Amino acid sequence: MAKAAAPIPLFKVFMAPESALMPRLRDVLYSGQIGEGPPVAEFEQRFGEFVGRPNILSFYSGTAALHIALLLADARPGKEVISTALTAEPTNLAILHAGAEVVWADVDPRNGNLAAASIEEKITPRTRAVMVVHYGGIPASMAAIHAVAERHGLAVIEDAAHALGARYAGLPIGSQSDYTMFSLQAIKHLTTVDGGMLACRNPADLPRGRRLRWFGMDRAAPRIEVDVAEVGYKYHMNNVNATIGLVQLEHIRPVIERHIANGKFFDAALRGIPGIELCAWDAQAEPSYWFYTVLAERRDDLARRLSELGIGNSLAHKRNDRHSVFAASRCDLPGVDRFFGAMLHIPCGWWVGDEERERIAGALRQGW
Ligand SMILES: *Cc1c(COP(=O)(O)O)cnc(C)c1O
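What you are looking at is a predicted structure, and each value in this text was computed from that prediction instead of being measured.

Caption draft 1: Expanded view of the overall build of the protein chain. Scanning the protein chain from terminus to terminus reveals eleven helices and 13 strands. Over its C-alpha trace the protein chain gives a radius of gyration of 21 Å, about what one expects of a compact globule, namely 21 Å for 368 residues. Based on the C-alpha atoms only, the size of the protein chain along its principal axes is roughly 70 × 55 × 40 Å. The buried share of the protein chain, reckoned over its 368 residues, is 56%.

Caption draft 2: Highlighting the packing of aromatic side chains. Counted by the stated rule, this structure contains 16 aromatic pairs. For the ring pair Phe 43 and Phe 47, a centre distance of 6.0 Å and an interplane angle of 70° mean the geometry is edge-to-face. Note that Phe 43 and Phe 47 are positioned in helix α2 (residues 38-51) at a spacing of four residues, about one turn of the helix. The two residues Phe 43 and Phe 47 agree in class, both being buried. Arg 219 extends its terminal NZ or CZ atom over the ring of Trp 214, reaching a point 4.1 Å from the ring centre.

Caption draft 3: Molecular detail of the state of the cysteines. Applying the stated rule across the entire model yields zero disulfides. Take Cys 348: it sits in no disulfide, and the sulfur closest to it among the cysteines is that of Cys 279, at 11 Å.

Caption draft 4: Quick peek at helix α9 (residues 299-308). Every buried residue belonging to α9 is among Arg 299, Leu 302, Ala 303 and Leu 306, and all of these are buried. For α9, the angular spread of the buried residues around the axis is 100°, confining them to a single face. In α9, the exposed positions that point more than 90 degrees away from the buried face belong to Arg 304 and Glu 308. In this fold, the buried residues of α9 make contact with β10 (276-278), β12 (292-296), α10 (334-342), β13 (343-346) and α11 (354-366). Where α9 ends, the next residue or the one after it, Gly 310, has phi of about 75°, a positive value.

Caption draft 5: Representation of the site of the ligand within the structure. Neighbouring residues of the ligand: 15 residues in total, closest Thr 63, Asp 159, His 162, Ser 183 and Lys 188. Here Asp 159 contributes a side-chain N or O atom positioned 2.7 Å from a nitrogen atom of the ligand. Within the side chain of His 162, one N or O atom sits 2.8 Å away from an oxygen atom of the ligand. Burial of the ligand by the surrounding chains reaches 90%, relative to a free accessible area of 380 Å². Elements represented by at least two residues in the shell around the ligand include exactly α3 (62-72), α4 (89-97) and β8 (179-183). For the shell around the ligand, the class distribution of residues is four nonpolar, nine polar and two charged.

Rules of the game
Residues numbered from 1 in each chain as written. Predicted model: local features only at pLDDT ≥ 70, side-chain atom pairs only at ≥ 80, totals over all residues. Heavy atoms only, no water. Helix = DSSP H or I, 4+ residues; strand = E, 2+ residues; numbered from the N terminus. Rg over C-alpha atoms; globule rule 2.2 N^0.38 Å. Buried < 20%, exposed > 50% of the residue type's maximum accessible area, 1.4 Å probe, protein only. Phe/Tyr/Trp six-rings, centres within 6.5 Å; stacked < 30°, edge-to-face > 60°. Lys NZ or Arg CZ within 6 Å of the ring centre and 35° of its normal. Disulfide = S-S within 2.5 Å. Arc of directions from axis to C-beta. Contact = heavy atoms within 4.5 Å. Near = heavy atom within 4 Å. Polar contact = N/O pair within 3.5 Å; in protein donor to acceptor, adjacent residues only side chain to side chain. Areas by Shrake-Rupley, 256 points an atom, 1.4 Å probe, with all protein chains shown as cover. Nonpolar A, V, L, I, M, F, W, Y, C, P; charged D, E, K, R; others polar.

Shown next as structure tokens:
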């Protein structure tokens, strides 16, 4: 009997080679300086070069970065933030952390990202910001979303947890909005074990952002003279995570390139398969394919079939509007109904080799 092919996971942690990582990790662990110090500042600088924005604040998680972005955008009690239900929970919990209200807009049925026209319909005098997720690594229609935000004086916060290395209008995601958050959690394109980055348009946000991530205090000021004038948090990144991040960053280009090469392979290889609809996006958008999303007829049957064949697949996220904590925001979202009812995520990352991606395409071609 032929040996069963090895399972292909939907997610896998990328860690830089031991020979590159361990000496530097050992150095920092025994340096006597494992809190926030020079490696954190260096990682912020290098990360800023990578995403094309010099104004970077690092955090211990992406969720913390989102919380601070919302505070910097003045999203507070009495204010509304327009957001998407099609995302991981932290996107929207962060809005509640800031004390603001979540208002759902509907998604573009082509790709599950917020639709600019729906955002515009949801604006009220209390709207302060728009939270845009690039779901699965496909950039949302940022030209149209920025136009709406500018017309109404709203801040734009991008949740780019899935979209490191993606581009829009020829520029990296991270370089184009008021705030862009990247998650460095275990299974994202680049992990520091845990961590988050916030790319800010305005350098004037940096001093307050640094205070907010450190108990409301200026770390440079003498501890005895400093005044806490605003509630801050313990959200900073430490030297250990930053050192891992510095080494990861040196190895990340080929990782992201492989996600993109696999994504483009599926864009071509899965086209025209009966019962499968592929996502579509703006001509200016260049996805970084964190996972690959297909819209399938009898989706649950396809999911079962792929699992039998050892091909990882999942919905990854529950639509957030179904959680009790967001009950006050409930509304009709026909685009989410349609997209969530048909979507299935399949593996597309750096661990998917030529043979594996052929196996995945073959399984879909065979039918279910
Ligand atoms: C992972 C993720 C986050 C949160 O990131 P953490 O670093 O785990 O806090 C936020 N939004 C989305 C869409 C995510 O996938």
